[in-house]
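Each chain is listed here by its residues.
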Amino acid sequence: MPVPASWGDAHFTEHGFAQRLAEVGLRGHHYHDLDFWQVYDPDRRIGVQLMRSPDAFPPWEQGAPLRAFLHWEYAARGMRLAHAGTLGLDGKGVLLAGAGGAGKSGTVVAGLLNGLDSVGDDYVLIDLSGGVTARPLFSILKQDQPGFARLGLGRRLGTDRPLNWQGKHAFHINEIAPRPVRASLDISALMVPHISGGKTSSIAPISRKDALIALAPSGIAQMPGERESGFRFFSDLTRLLPCYRLYLGTHPKEIADTIADFLARAPDEAERDHAGL
């Protein structure tokens with residue numbers, strides 16, 4: 001097989017590359033810094049990955065292996081990988097969305113440490129075919145060093161592990177989950193965490209537009225190709241769910257209890273109307 005072309009120092013547009021492949025029915029991603037190629041044929045369900053050496057993976061690959069291929073395959077089936085976290089209780093859950101630093105990962109860890117379930121933090125598989133269902137794909141959780149200390153994870157996991165490429169602690173969900181990871185969660189609401197600085201947590205309705213802004217951009221930017229279908233999918237998701245802002249308090253158990261109390265009662269119609277549904 002001939003060596004693939006290299007852009008060198010020339011301008012490279014990742015979206016343009018994906019568009020050109022889509023014109024012939026293929027999906028693709030090229031990580032320019034490592035000359036790392038992934039190409040997928042959704043009709044034949046065959047993928048090819050080209051690397052300069054057997055260990056020349058992008059730095060994020062260890063925490064979410066084969067993410068692009070899974071994204072393309074599930075998109076062909078009408079599902080979607082969402083850049084979001086989850087917390088649940090007795091099979092019912094909430095989807096947590098937001099940009100980096102919003103408190104999403106810390107909220108997931110706080111919930112797991114205090115009795116709640118999760119089917120994933122960074123990426124989860126969403127199916128809209130019968131309501132909104134979240135399923136697990138990857139098992140790695142991440143916490144920056146201040147969050148790792150604040151949540152008391154050092155006492156449980158130790159502090160001598162090497163940090164990942166983002167300077168964060170990475171660990172397996174089973175190391176802190178109260179129970180084995182469920183096969184799925186029935187999602188009843190979308191929540192956008194916000195570090196408020198207050199002592200106690202609270203939940204307030206937000207518009208579907210604000211929820212979509214929190215959910216869609218990072219999910220689409222981190223998933224090569226399928227941009228138009230992605231916006232349609234996430235728009236449909238926010239129409240199906242009541243949407244809220246989760247104002248985070250300072251104590252992990254109190255945050256978990258606030259979410260558990262929410263899950264113990266179904267959002268009523270007034271709250272749905274207030275959320276713009």
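Up top is the structure these notes are about.
Residues numbered from 1 in each chain as written. Predicted model: local features only at pLDDT ≥ 70, side-chain atom pairs only at ≥ 80, totals over all residues. Heavy atoms only, no water.

Participant: Which residues make up the packing of aromatic side chains, and what values go with them?
Facilitator: For the coordinates displayed, the defined rule picks out 11 aromatic pairs. Judged by centre distance (6.4 Å) and plane angle (55°), the rings of Phe 36 and Phe 57 are tilted. Of this pair, Phe 36 sits in strand β2 (residues 36–41) while Phe 57 sits in the loop between β3 (46–50) and α2 (67–76), and the two are 21 residues apart along the sequence. Three or more aromatic residues joined by ring pairs form one cluster here, namely Tyr 31, Trp 60 and Trp 165. (Phe/Tyr/Trp six-rings, centres within 6.5 Å; stacked < 30°, edge-to-face > 60°. Helix = DSSP H or I, 4+ residues; strand = E, 2+ residues; numbered from the N terminus.)

Participant: I'd like a description of the nonpolar core, backed by residues and values.
Facilitator: Ranked by size, the top nonpolar core spans 28 residues in total, and within it Val 94, Leu 153, Phe 171, Ile 176 and Ile 259 carry the most contacts. Those elements that provide at least two residues to this core are β6 (92–96), α3 (104–113), α5 (153–157), β11 (185–195), β13 (243–248) and α8 (252–263). With six residues, the top contributor of residues to this core is α8. Apart from the residues within four sequence positions on either side, Phe 171 is in contact with Val 109, Ser 139, Ile 140, Leu 141, Lys 142, Gln 143, Phe 148, Leu 153, Leu 157, Arg 161 and Ile 176. Core analysis: the next-biggest nonpolar cluster, separate from the first, contains 25 residues, Val 124, Ile 126, Ile 220 and Cys 243 among them. (Core = buried A, V, L, I, M, F, W, Y, C linked by side-chain atoms within 4.5 Å. Buried < 20%, exposed > 50% of the residue type's maximum accessible area, 1.4 Å probe, protein only. Contact = heavy atoms within 4.5 Å.)

Participant: Just give me the short version of the sheet that holds strand β1 (residues 27–31), but keep the residues and values in it.
Facilitator: Overall, antiparallel pairing links the three strands, which are arranged β1-β2-β3 in an open sheet. Each edge of the open sheet is held by one strand with a lone partner, namely β1 and β3. Averaged over all pairs of adjacent strands, the angle between their axes in this sheet comes to 5°, without regard to strand direction. The pairing of β1 with β2 spans five bridges and is antiparallel. Across the sheet, His 30 pairs through a bridge with Trp 37, a residue of β2. Here helix α1 (residues 14–22) sits on the sheet and contacts β1 and β2; the angle it forms with β1, its principal contact strand, is near 150°. Taken strand by strand, α2 contacts β1, β2 and β3, and its axis lies near 20° from that of β2. (Pairing = 2+ DSSP bridges. Axes fitted to C-alpha atoms, helices over the stretch in contact; angles between N-to-C directions.)

Participant: Requested: an account of the packing of α3 against α8, with residues and values cited.
Facilitator: Contact geometry of α3 with α8 gives a least axis separation of 8 Å together with a crossing angle of 85°. Viewed along their axes, α3 and α8 adopt a mutual orientation that is roughly perpendicular. Across the interface between the two elements, Thr 107, Ala 110 and Gly 111 from α3 touch Pro 252, Ile 255, Ala 256 and Ile 259 from α8. Classifying every residue of the contact of α3 with α8 by side-chain character gives five nonpolar, two polar and no charged. (Parallel < 35°, antiparallel > 145°, perpendicular 65-115°, else oblique. Nonpolar A, V, L, I, M, F, W, Y, C, P; charged D, E, K, R; others polar.)

Participant: Explain the side chain of Ser 235 to me, using residue names and the numbers behind them.
Facilitator: Looking at the element boundaries, Ser 235 is found in helix α7 (residues 227–240). Within polar-contact distance, the side chain of Ser 235 engages the side chain of Arg 239 at 3.0 Å. (Polar contact = N/O pair within 3.5 Å; in protein donor to acceptor, adjacent residues only side chain to side chain.)

Participant: Outline the layout of surface pockets, supporting the account with residue identities and numerical values.
Facilitator: Where empty space is left can be seen by rolling a probe of water-molecule size over the atoms. If you add up the space inside the largest pocket, you get close to 1200 Å³. Lining the largest pocket are 47 residues, and of these Ser 105, Lys 142, Gln 143, Asp 144 and Lys 168 sit closest to its centre. Secondary structure elements with two or more residues in the lining of the largest pocket: α3, β9 (140–143), α4 (145–150), β10 (169–172) and α8. Of the residues in the lining of the largest pocket, the class split is 20 nonpolar, 19 polar and eight charged. Counted as a void, the second largest pocket has a volume near 290 Å³. Taken together, 17 residues line the second largest pocket, and the ones lying closest to its centre are Glu 14, His 29, Ala 221, Met 223 and Pro 224. Secondary-structure elements contributing two or more residues to the lining of the second largest pocket are α1, β1 and α6 (208–221). (1 Å grid on protein atoms, 1.4 Å probe; cavity = no way out; pocket = protein on both sides within 12 Å on 5 of 7 lines; lining within 4 Å. Points joined across faces, edges and corners; volume = space filled by probe spheres on them.)

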